Amino acid sequence: MTACLVQPKEPKRLPDGTRLVEVTAWQWGFDPSFITARVDETIHLRVTSLDVAHTLTCKDLNIDLLIPAKGATPVDFEFTIQKTGDFIFVCDAPCGPAKSRQKIRLLVTPS
Ligand SMILES: [Cu+2]
């Protein structure tokens, strides 16, 4: 038997077991910029800006969150993905010239 030396990082979870993904937004990026999920998995996003107002927008998943500027309460949003696919979240706010760099890729694989 071969030992696996790299343990996958355990996802953070809310008390009810829902997976929590904490996202920070700034000019111009999101962290994390890549998220994987399974079909039928529920994800709870908690999004905070480190500077100005942004959005976290995915037209394919009908998600459009306004992320207020630094200092505001984080934005919480929960969703369940019902299809496989490769989805891109962008920032749709007028937050500056390089906002096209601000993206999150969400890869959803079969459950
Ligand atoms: Cu932005």
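Up top is the structure.
Quick caveat: nothing in here was measured; it's all calculated off a predicted structure.

What counts and what doesn't
- Residues numbered from 1 in each chain as written.
- Predicted model: local features only at pLDDT ≥ 70, side-chain atom pairs only at ≥ 80, totals over all residues.
- Core = buried A, V, L, I, M, F, W, Y, C linked by C-beta atoms within 7 Å.
- Buried ≥ 20, exposed ≤ 12 C-beta atoms within 10 Å, placed from the backbone.
- Helix = DSSP H or I, 4+ residues; strand = E, 2+ residues; numbered from the N terminus.
- Pairing = 2+ DSSP bridges.

K.L.:
I'm lost on the nonpolar core in this one. Help?
P.N.:
Soluble, globular proteins show a tendency: their nonpolar side chains are buried together. Membership of the largest hydrophobic core comes to 14 residues, with the highest contact counts inside it found for Val 23, Ala 25, Val 47, Leu 56 and Leu 106. At the level of secondary structure, the elements contributing two or more residues to this core comprise strand S2 (19-26), strand S5 (42-49) and strand S10 (103-109). For this core, the leading source of residues is S10, giving 3 residues.

K.L.:
Hey, could you run me through the pairing of S10 in this one?
P.N.:
Where burial is concerned, the two faces of S10 differ: the one with Ile 104, Leu 106 and Val 108 is buried and the one with Lys 103, Arg 105, Leu 107 and Thr 109 is not. Where strand S9 (residues 85-90) and S10 come together, 6 bridges link them in antiparallel fashion. Looking at the pairing, Phe 87 lines up with Leu 106 of S10.

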